Structure formats: C-alpha cells, structure tokens
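Now for the letters of each chain:
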Amino acid sequence: PCAGPAESKNEAAMSELVPEPRQKPAVPMKPMGINANLLGYIGIDTIIEQMRKKTMKTGFDFNIMVVGQSGLGKSTLVNTLFKSQVSRKSSGWNREEKIPKTVEIKAIGHVIEEGGVKMKLTVIDTPGFGDQINNENCWEPIEKYINEQYEKFLKEEVNIARKKRIPDTRVHCCLYFISPTGHSLRPLDLEFMKHLSKVVNIIPVIAKADTMTLEEKIEFKQRVRKELEVNGIEFYPQKEFDEDLEDKTENDKIRQESMPFAVVGSDKEYQVNGKRVLGRKTPWGIIEVENLTHCEFALLRDFVIRTHLQDLKEVTHNIHYETYRAKRLNDNGGLPPMTAETEESHESNL
C-alpha cells in the first residue's frame, strides 16, 4: 500500500535524527619483524645503564662469615681479601685471657669504596669455635645466628608498613677454614659442614697452605673433596643451582679442580724483583700471596668477589632464605608468631 503524506514526513524526520554509521578507518597491519632498522632507535640498550646507576646510588651489602680454629689466619686472610683492615686480629685472645667457654659471634661493619662503587661489608668472626676439649654441638650458636638474621629479614617483610629497602644482615658466604694436617678432615669439620651447608653458602678453605709441599697439597685437596662427597656434604657452588650449561661448565671446573682453595694470607709487603708484593717471609724465600704458583689466594678472591659475589647473594635469598621462610610460615599458619615487639610495631603501624 502507498504511504500517506504524514507517514513520509515522519520517516524523513527519523532519518535526520539517526546519523549514518561512520566507516572505521583502516588499521595498518603490524610488520612481521620489528627491528631497529625498520622503526629507528628505541633505547632498550640503556636499561643496563639505568640499572647500573640505580645500584650505584643504593650501594651493595655483603656479609661474610669466617669459621675455624684460632691460629689458622682467618682475620689475616679476610684483610688480604679486601686489601683493608676489615677484620681485627684482636678478635681472639691473649695468653693472659681465658679461652671463651662458648662460641662468640662478633660482627664488624665497614664501607669499602672502589671506582665509585660503595659496598657495606660485614665480617662475622666466630672466636672460640673448635678450641675446647669437648667441641660437641659447638656449631649451634653459629646456626642460631644465621637463622636469627633470616628471622629478622622475615619480620621486616611481613610488616604492614615495611621499609622500602630492608637492611640485609643475612650471611651470604661462610669461609670454613680447614687445618692443613695433610691427613683427612676432622669429625668436627664434617659435622659443621653437614649441618650448616643446608642454611648457608659454605666455601671450604685450606688455611696456611705454605706448611705443605706441592704434592701434599694436591693429595690433601683430593682427599677433602672425596670425604665431602662420601658424606653427602654440598659446598658452594651447589650442582643443583647451576642455571645453564655455561654456569655448569664453569662451576664444574671450580668444584673438581679448585675446591677447597689452598690459601696463604698476609697483610705485609715485601720487595720482589723491583715490585711490592703481599707475602710471607721465610728463611728460604718469600711466599707471594697473589702468585698462583705459590698458593690459590688469587683464585679465591676472583671467585668470591669478581665472578660469584652477586650469585652468592641470590642463592642466599632465593634458596636458603626462601627455605627458611616457607618452613616458618608453614609452621605458624602463614605468619611468624607475635612477640611483644611485633605487637607494638603492628599497633604503631595501625
């Protein structure tokens, strides 16, 4: 039927009110392969520089523990390692003083700066370890101290208003000094490393290696490695934490050839062939600390500081601390137990 004049007017009015749908602009297809040549310079390569600047501002924390009987040169070695008086020789005792009945924990903090990089270094000494007639369970104060640092970090993490940068007092590395007997490890050595290797990165070190001949040193190193393997003791770098083939190849060489490092420490300088070198003077010559033909100190320094320092920190955080954290939270239903201190801090935060 034909529409009347009134209906045609209504249709014209509706067509004026309803706008026609606009056509969507054509979106250009993304190129299959995006590269710098196609789109120009982006600046991704500056990320590393940004991270470097940020880290330079905040600085680094590194906490190293030295464990071993008195007289093995622990303080001297740490001073030689960082070329600074970072560990006091007075951490032991004089002849007039009584030998401590229990293991003491002494932490000394320093700030070392080199090339604009600041590092807050804490050296934790353990005078009294292994110096008693009965050394049963003498590792317990050390294990307790290490776990207390994990607990302190955990409490800071679970606070409602936690700090932007939590102070890190966790032990990143433990240098365990083995007496250069040339025979085998003592039961105390095995027991300590068996208990502590699960909570901290242990690096075994043969102290005062200049007391052994080259043949005795090689044989002793092989015997120590064998005993550690037989007793199921894992030292740093642990095999299961190797991230890729490159790390595995590098760490395998360290595990099979260098460990345990046979070292000599000295903070005295001598003139050798017109050069000033760190060394120990003997009746038959000078033992150069940084000479690889004399001892493996240079290998230890490169390993701890130049190549594996950051990895030591990461393994401490991602493996040892995470293991402690998971156990504590699991045992206490998801939160650490509330003490008087934590209750007060929670109330103040609220």
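- The name given to the protein chain in an unreviewed UniProt entry is Neuronal-specific septin-3, and the organism recorded there is Nothocercus julius.
- Its UniProt record gives the protein chain the following Subcellular location (unreviewed entry) comment, quoted word for word: "Cytoplasm".
- Under the heading Sequence similarities (unreviewed entry), UniProt records this for the protein chain: "Belongs to the TRAFAC class TrmE-Era-EngA-EngB-Septin-like GTPase superfamily. Septin GTPase family."

1. Looking at the packing of aromatic side chains
Here is step 1: For the structure shown, the criterion picks out eight aromatic pairs.
Here is step 2: Geometrically, the ring pair formed by Phe129 and Phe192 is edge-to-face, given 5.2 Å between the ring centres and 70° between the ring planes. Taken together, the residues Phe129 in the loop between strand S3 (117-125) and helix H5 (140-158) and Phe192 in helix H6 (residues 187-196) connect sequence positions 63 residues apart.
Here is step 3: A relative accessible area of 0% places Phe129 in the buried class.
Here is step 4: According to the relative accessible area criterion, Phe192 is buried, its value standing at 0%.
Here is step 5: Seen from their ring centres, Tyr236 and Phe303 are 5.7 Å apart, and the 45° between their planes marks the pair as tilted. Note that Tyr236 is positioned in the loop between helix H7 (214-230) and helix H8 (245-258) and Phe303 in helix H9 (residues 297-307), a separation of 67 residues in sequence. Considered together, Tyr236 and Phe303 belong to a single accessibility category, that of buried residues.
Here is step 6: Here the aromatic cluster, defined as three or more aromatic residues joined through ring pairs, consists of Tyr150, Phe153, Tyr321 and Tyr324.
Here is step 7: Sitting over the ring of Tyr321, Arg170 keeps its end group 4.9 Å from the ring centre.

2. A word on H7
Here is step 1: The terminal C-alpha atoms of H7 lie 25 Å apart, and with 17 residues this matches the ideal 24 Å at 1.5 Å per residue to within 8%.
Here is step 2: Turning to H7, its buried residues number three or more, namely Lys217, Phe220, Lys221, Val224, Arg225, Glu227 and Leu228. Along H7, the residues classed as buried sweep out an arc of 165° about the axis, all on the same side. Across H7 from its buried face, at more than 90 degrees, point the exposed residues Glu215, Ile218, Lys226, Glu229 and Val230.
Here is step 3: Where H7 is buried, its residues meet strand S4 (173-178), H6, strand S5 (202-206), H8 and strand S6 (261-262).

3. Some details on the pairing of strand S1 (residues 60-67)
Here is step 1: Counting buried residues along S1, seven of its eight residues qualify, which places the element largely inside the surrounding structure.
Here is step 2: Bridge count between S1 and S3: seven bridges; the pairing is parallel. The partner of Phe60 across the bridge, within S3, is Met119.
Here is step 3: Pairing of S1 with S4, which is carried by four bridges, proceeds in the parallel orientation. Paired with Met65 across the two strands is Cys174, which belongs to S4.

4. Observations regarding the sheet that holds strand S2 (residues 106-114)
Here is step 1: Strand order in the open sheet made by the six strands is S2-S3-S1-S4-S5-S6, with mixed pairing throughout. Across the chains shown, the open sheet's two edge strands, defined by having one partner strand only, are S2 and S6.
Here is step 2: Most of the contacts of H5 go to S1, to which it runs at about 170°, and overall it touches S1, S2 and S3.

5. Re the pattern of salt bridges
Here is step 1: The tally for this structure, following the rule as stated, stands at 19 salt bridges.
Here is step 2: Among the ionic pairs, Arg328 bridges to Glu151, the shortest N-O distance being 2.8 Å. In this pair, Arg328 is assigned in helix H10 (residues 309-331) and Glu151 in helix H5, connecting sequence segments 177 residues apart.
Here is step 3: A salt bridge links Asp189 to Arg186; the shortest N-O distance between them is 3.1 Å.
Here is step 4: A residue is classified by how much of its surface remains accessible, and Asp189, at 1% relative accessible area, is buried.

6. Some details on a nonpolar patch on the surface
Here is step 1: Together, Ile42, Ile44, Ile47, Ile48 and Met51 make up a nonpolar patch on the protein surface, roughly 540 Å² of accessible area in all.
Here is step 2: Residue position: Ile47 is located in helix H3 (residues 47-58).
Here is step 3: Judged by its relative accessible area of 41%, Ile47 falls in the partly exposed class.

7. What to know about a negative patch on the surface
Here is step 1: Side chains of Glu243, Asp244, Glu246, Glu250 and Glu314 sit close together on the surface and give a patch of like negative charge.
Here is step 2: Mapped onto the secondary structure, Glu243 falls in the loop between H7 and H8.

8. Here we look at the pairing of S5
Here is step 1: Taking burial as the measure, the five residues of S5 include five buried ones, the bulk of the element.
Here is step 2: Across the two faces of S5 the burial is the same, with Ile202, Pro204 and Ile206 and Ile203 and Val205 all buried.
Here is step 3: The sheet contact formed by S4 and S5 spans five bridges and is parallel. Pairing of Ile178 across the sheet is with Ile206, part of S5.

9. What to know about the sheet that holds strand S8 (residues 275-282)
Here is step 1: Ordered in space as S7-S8-S9, the three strands form an open sheet in which the pairing is antiparallel. Either end of the sheet is taken by a strand with one partner, and the two such strands are strand S7 (269-272) and strand S9 (285-288). Pairwise comparison of adjacent strand axes, ignoring direction, gives a mean angle of 70° for this sheet.
Here is step 2: Pairing of S7 with S8 involves four bridges; the strand directions are antiparallel.

Rules behind the numbers
- Residues numbered from 1 in each chain as written.
- Predicted model: local features only at pLDDT ≥ 70, side-chain atom pairs only at ≥ 80, totals over all residues.
- Heavy atoms only, no water.
- UniProt positions renumbered as here; feature names shortened; annotations may be inferred.
- Phe/Tyr/Trp six-rings, centres within 6.5 Å; stacked < 30°, edge-to-face > 60°.
- Helix = DSSP H or I, 4+ residues; strand = E, 2+ residues; numbered from the N terminus.
- Buried < 20%, exposed > 50% of the residue type's maximum accessible area, 1.4 Å probe, protein only.
- Lys NZ or Arg CZ within 6 Å of the ring centre and 35° of its normal.
- Expected span 1.5 Å × (residues − 1).
- Arc of directions from axis to C-beta.
- Contact = heavy atoms within 4.5 Å.
- Pairing = 2+ DSSP bridges.
- Axes fitted to C-alpha atoms, helices over the stretch in contact; angles between N-to-C directions.
- Salt bridge = Lys/Arg side-chain N within 4 Å of Asp/Glu carboxyl O.
- Patch = residues over 30% accessible without salt bridge, like charges linked within 9 Å, V, L, I, M, F, W, Y side chains within 5 Å.
- Areas by Shrake-Rupley, 256 points an atom, 1.4 Å probe, with all protein chains shown as cover.
- Lys, Arg positive; Asp, Glu negative; His and termini not counted.
- Charge placed at Lys NZ, Arg CZ, Asp CG, Glu CD.

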